[in-house]
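What the coordinates show
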Protein chains: 2
Amino acid sequence: MCKKSRHHVVIVGGGFGGLEVAKRLRKVDVSVTLVDRHNYHLFQPLLYQVATGGLSPANIATPLRSILRKNRNCEVLMAHVTDFDVEGKRLILSDGELRYDTLVVAAGSTHSYFGHDEWARYAPGLKTIGDAADIRRRIYTAFEAAERETDAELRKAFLTFVVVGGGPTGVELAGALSEIARHTLKNDFRRIDPTEARIMLVEAEQHILAHYPDDLCRRAADKVRSLGIEVHTNTKVTNVDDEHVYLQTNEESVVVATRTVLWGAGVRANPLGKKLAVACGVQTDRGGRVPVGETLQIDRHPDVFVVGDMAICLNSNGKPLPGLASVAVQQGGYVAKAIASLQQNSSISEPFVYRDKGTMATIGRAAAVAQIGGRQFVGLFAWLLWLFVHLMLIVQFQNRVLILIQWAWNYLTFNRSNRIILGEQPVLVPEVPSSTTATDSGKIDDSPSAS
Amino acid sequence: MCKKSRHHVVIVGGGFGGLEVAKRLRKVDVSVTLVDRHNYHLFQPLLYQVATGGLSPANIATPLRSILRKNRNCEVLMAHVTDFDVEGKRLILSDGELRYDTLVVAAGSTHSYFGHDEWARYAPGLKTIGDAADIRRRIYTAFEAAERETDAELRKAFLTFVVVGGGPTGVELAGALSEIARHTLKNDFRRIDPTEARIMLVEAEQHILAHYPDDLCRRAADKVRSLGIEVHTNTKVTNVDDEHVYLQTNEESVVVATRTVLWGAGVRANPLGKKLAVACGVQTDRGGRVPVGETLQIDRHPDVFVVGDMAICLNSNGKPLPGLASVAVQQGGYVAKAIASLQQNSSISEPFVYRDKGTMATIGRAAAVAQIGGRQFVGLFAWLLWLFVHLMLIVQFQNRVLILIQWAWNYLTFNRSNRIILGEQPVLVPEVPSSTTATDSGKIDDSPSAS
């Protein structure tokens, strides 16, 4: 269907990495096909805002076709990739196939429950808009259920929120939960006091935001606690069911009664990574990521590039690069250049080098941590920095403006306009596994809206 | 659970009618419970904008709790009403019951397929946010499928959109479809030309917008045709399946190959109307609406009021009032007053009289029809009037601003920012009937996203 006389570059995944490749190939004499199962690019760093009702899905999702409208050499194909035939240079789709000359795989990552995928139904992770909608429904439904519950113990369980994982996602979710409970819903209920909600942030390691320098994550932890969030470090999750989460510290094991457990702990590469590795005869790491050389090509398969969360790419000091948007974007730009130079003089001049422009994570209302170069920031300034950087990053101009207004409004009023529960339609209650996390999610038997 | 010493008013439905009653009872010495299966009030006049990607659900849906936050005498209960026990003064819920002293039923309306509910799966109507999401997914998925389709006939079918019903909803949907095809998606595809999409508006009566004066709806029809929409009046739908719609005119019967049929034809009262009528021993009309007296009470049941689309209420010249938001709002205000005066002097002074402030319908980009008093308007001015009135009507300030900006942007750029397809998650593919229209909807077998 997509045979071309021109060199055909096929990109799998319209995330930060894949989209960057497609954009940068605009003026290169190749034909490009970007394949994604969705018709939109998702700005994942703000997904937690959708999950907590601060933003609408459309604020952070932009149709790939409109982003690539001016890339006349680029086609967008909405399809499901099922496998790779690297010998035959074919991409296998659920409803066809696609021939390529050069393949770029950037299918990103999904959740890891460390071998306990059965937890997914009780503790949804946050990777897709479906996940965000599910989490939003669970959060606000829990408050509705608590308002109706007459049994004190059960009411307490409905008002207990456990966030697993002290990384950026977990901290963002916990921070937003605290704002919802302490401000947004403050005066909305008649029988319960939302400010009494218990929010627990559980982290197996010694620190939250562990990839930041020690004193920075210590200050971050203080900031998190100041929002009324219980920080439980050195605490492992041993089990999750529909009414409890089971915690294990060095000393003791605790059972917490809760109806809302959110999973921000583990990440692993998209299952396509495994298939690609098998097809190319290489080994993935424990996270299912595909090893690539310093030119981001797979060993002995120079026509296959891997970028973003799916790739194991070692930086100068031999450590694998983190799964950050900035890494994916830089890798995407590099691969586009590499493909261009391969077209011209059939060689790639220099290896990929990641330039760390700093990392930041938001904690909550006017609070974030940031590390730029050697410098560290905590609090309002870091948050403004975070806000500015992320707004500038968002793909489409309109969304920037809308988000800015929405946030300004939320900030001034503590309001969250997007806290509508769409669970009444099966809409947000997937019955069949659509991703690792969607498995039968949204089954809160006691929730009034689930009836 | 809700027993009170104070007189307890229970309102079923948080639409225009029910919400107005709750708001207006704020200073009356009664306790109020508003029951709705959703946690939000939906601004239905703009629902077609969500269905066509112009707005996000949260732009037109506002949490009932935040609207009624300051109504300290009002509780919001998210629950499903299943039946009425008017003798025992009890509301039967799917998971409990609720005692009342005065009952106000305002559960609105749903679609009518004129005895062909099996069409619902192929021709979704537009009443809920779930419907809107489903329709949006179908529209944009059809273009995606057409882009991938190699067979010319099938491609034509994917690019054929049939809107059934020439009322306001049908005209709005057809107008928005024309804008999507002729402007929004103009340059987004490589293999198809979206502007070649065929948009058919089918109406069984002699005119579209038939409840407007003849020359006004003739001018409206011209305006609709000028948008490239085929207007088929005097045309009945005899059957709908997953690949065709069957049309019957006086002369001939035609089979149209299409994958997208949208239903804007029939309306009937919420099924609760039937149950209420049975409980009160009265007869509903063909539309399932409940007859009420000039005080909006049910005959022989002065403690039961019915407002909005669910009620048959005759106006001064003996005609039943139309199912308009303005009617529901005025009736809601009247009932609140009536309840207050019954509390004070146990009598209702005067009957309900509807004050017609005019009606308007939007056709498309900068085009609408309006009738205010005796005066009639078509075109830009009517559209600006429509825009102004509707923005002013929307419940929450923030949404007004956001919508204004979003529309201004869409207007300037022909862009629709909300055209993301969420079908990949089962999210928008309800498997079980959640409403008359949700039955197994979203099954476009050939759509790439449905795979």
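It should be emphasised that the depicted structure is a prediction, and the values quoted were computed from it without experimental measurement. (Residues numbered from 1 in each chain as written. Chains lettered and ligands numbered in written order. Predicted model: local features only at pLDDT ≥ 70, side-chain atom pairs only at ≥ 80, totals over all residues. Heavy atoms only, no water.)

Remarks on the sheet that holds strand E7 (residues 90-93) of chain A
All names here are of chain A. Which entries qualify depends on this criterion: A pair of strands is treated as paired once DSSP finds two or more bridges between them. What counts as a helix is a DSSP run of H or I of at least four residues, what counts as a strand is a run of E of at least two, and both are numbered from the N terminus. Here the axes come from fitting lines to C-alpha atoms, over the contacting stretch only for helices, and the angles between their N-to-C directions go from 0 to 180 degrees.
Ordered in space as E6-E7-E8, the three strands form an open sheet in which the pairing is antiparallel. Looking at the sheet topology across the chains shown, the edges are occupied by strand E6 (81-85) and strand E8 (96-99). Adjacent strand axes in the sheet meet at a mean angle of 25 degrees when their direction is disregarded. Here E6 runs beside E7; their pairing, made up of four bridges, is antiparallel. Directly across from Val-81, in E7, lies its bridge partner Leu-93.

Overview of the pattern of salt bridges
Residues and elements named next belong to chain B. Here is the rule we go by: Definition used for salt bridges: Asp or Glu carboxyl oxygen within 4 Å of a side-chain nitrogen of Lys or Arg.
For the structure shown, the criterion picks out 34 salt bridges over all chains. Between Asp-303 and Lys-89 there is a salt bridge, with its nearest N and O atoms 3.4 Å apart. Of the two residues, Asp-303 sits in strand E21 (residues 301-306) while Lys-89 sits in the loop between strand E6 (81-85) and strand E7 (90-93), which places them 214 residues apart along the sequence. In this structure, Arg-259 engages Glu-243 in a salt bridge whose closest nitrogen and oxygen atoms are separated by 3.6 Å.

Examining the domain arrangement of chain A
Residues and elements named next belong to chain A. Our working rule: Domains are outlined according to an automatic or database domain assignment. Contact criterion: two residues are considered in contact whenever any of their non-hydrogen atoms come within 4.5 Å of each other. Pairing of N or O atoms within 3.5 Å defines a polar contact, subject to two protein rules: one partner must be a possible hydrogen donor and the other a possible acceptor, and residues neighboring in sequence count only if both atoms are side-chain atoms. Side-chain classes follow a simple rule in which Ala, Val, Leu, Ile, Met, Phe, Trp, Tyr, Cys and Pro form the nonpolar group, Asp, Glu, Lys and Arg form the charged group, and the remainder, Gly included, forms the polar group.
By the assigned domains, chain A splits into domain 1 (7-111 + 268-343) and domain 2 (117-265 + 422-444). One C-alpha centre belongs to domain 1, the other to domain 2; they are set 31 Å apart. With 20 residues of domain 1 at the contact, the number on the domain 2 side is 19 residues. In this assembly, domain 1 and domain 2 are joined by seven residue pairs in polar contact (both at pLDDT 80 or more). At the level of secondary structure, the elements contributing two or more residues to the side of domain 1 that touches domain 2 comprise strand E3 (40-42), helix H2 (47-51) and strand E10 (109-112). Take the side of domain 1 that touches domain 2: its biggest share by element is four residues, from H2. Taken together, the residues of the side of domain 1 that touches domain 2 break down into ten nonpolar, seven polar and three charged.

As for the packing of helix H5 (residues 129-148) of chain A against helix H7 (residues 168-184) of chain A
Residue and element names in this part refer to chain A. What counts, and what does not: The cut-offs work like this: below 35 degrees is roughly parallel, past 145 is roughly antiparallel, 65 to 115 is roughly perpendicular, and the gaps in between are oblique. Definitions for this section: a left-handed crossing has its near helix turned counterclockwise from the far helix by less than a right angle. A right-handed crossing has that turn clockwise.
Where H5 contacts H7, the axes come no closer than 12 Å and their chain directions differ by 30 degrees. Judged by the inter-axis angle, H5 sits roughly parallel to H7. Considering only the axes of H5 and H7, their crossing is right-handed. Facing Ile-139, Tyr-140 and Phe-143 of H5, the residues of H7 in contact are Leu-177, Ile-180 and Ala-181.

Thoughts on the UniProt feature "domain: FAD/NAD(P)-binding" (unreviewed entry) in chain A
Put simply, the rule reads: UniProt positions are given in the numbering used here, feature names are shortened, and annotations may be inferred rather than shown by experiment.
In this numbering, the UniProt entry assigns the feature "domain: FAD/NAD(P)-binding" (unreviewed entry) to residues 8-332 of chain A. Helix makes up 30% of residues 8-332 of chain A and strand 28%. Its end C-alpha atoms lie 17 Å apart.

Structural notes on the sheet that holds strand E24 (residues 367-372) of chain B
Residues and elements named next belong to chain B. Read across the sheet, three strands follow the order E23-E24-E25 without closing on themselves; strand pairing throughout is antiparallel. Looking at strand neighbours, the two that pair on one side only are strand E23 (359-364) and strand E25 (375-379), the edges of this open sheet. With strand direction ignored, the average angle separating the axes of adjacent strands in the sheet is 5 degrees. Pairing geometry for E24 and E25, over five bridges, is antiparallel. Residue pairing for E25: Ile-372 is matched across the bridge by Arg-375. Of the strands in this sheet, E23, E24 and E25 touch helix H11 (residues 380-393), which is tilted by about 100 degrees from E25.

A word on the environment of Arg148(B)
For Arg148(B), the position within the fold is in helix H5 (residues 129-148). For the pair formed by Arg148(B) and Asn418(B), sequence separation is 270 residues and the distance between their alpha carbons is 22 Å.

Considering a nonpolar patch on the surface
Rules: Two distance rules govern patches: like charges are joined within 9 Å, and nonpolar side chains (Val, Leu, Ile, Met, Phe, Trp, Tyr) within 5 Å, applied only to residues with over 30% relative accessible area and no salt bridge. Here, Shrake-Rupley sampling with a 1.4 Å probe gives the accessible areas, and only protein chains in the shown set may cover a residue.
Residues Phe388(A), Val389(A), Met392(A) and Leu393(A) make up a contiguous nonpolar surface patch of about 380 Å² in total accessible area. Considering the arrangement of structural elements, one finds Leu393(A) in helix H11 (residues 380-393).

Let's talk about the pairing of strand E13 (residues 229-232) of chain B
Residues and elements named next belong to chain B. Condition: Classification of residues uses two cut-offs on accessible area relative to the type maximum, computed with a 1.4 Å probe and protein chains only: under 20% is buried, over 50% is exposed, and between them is partly exposed. Place the viewer so that the strands point away; then a crossover is right-handed whenever the path from the first strand over the helix to the second strand goes clockwise.
Only one face of E13 is buried, namely the one carrying Ile-229 and Val-231, since none of Glu-230 and His-232 on the opposite face is buried. Where strand E12 (residues 198-202) and E13 come together, four bridges link them in parallel fashion. Of the residues in E13, the one forming a bridge with Ile-199 is Ile-229. This β-α-β element, E12 to helix H8 (residues 214-226) to E13, shows right-handed connectivity.

Describing unusual backbone geometry
Unusually for a residue other than glycine, Arg300(A) sits at a positive phi of about 65 degrees. Tracing the backbone shows Arg300(A) in the loop between strand E20 (297-298) and strand E21 (301-306). The phi dihedral of Phe114(B) falls on the positive side, at around 50 degrees, and the residue is not glycine. The topology assignment puts Phe114(B) in the loop between strand E10 (109-112) and H5. A relative accessible area of 55% means that Phe114(B) is categorised as exposed.

Comments concerning the packing of helix H1 (residues 16-24) of chain B against helix H10 (residues 325-345) of chain B
In a packed pair of helices, the relevant descriptors are the angle between the two axes and the axis-to-axis distance. Residue and element names in this part refer to chain B. Orientation of H1 relative to H10, taken along the N-to-C sense of each, is 30 degrees, at an axis distance of 7 Å. The orientation of H1 relative to H10 falls into the category roughly parallel. Judged by the sense of rotation from one axis to the other, the crossing of H1 with H10 is right-handed. Between H1 and H10, the contacting residues are Phe-16, Gly-17, Glu-20, Val-21 and Arg-24 on the first element and Ala-325, Ala-328, Val-329, Gly-332, Gly-333, Val-335, Ala-336 and Lys-337 on the second. Grouping the constituent residues of the contact of H1 with H10 by class yields seven nonpolar, three polar and three charged.

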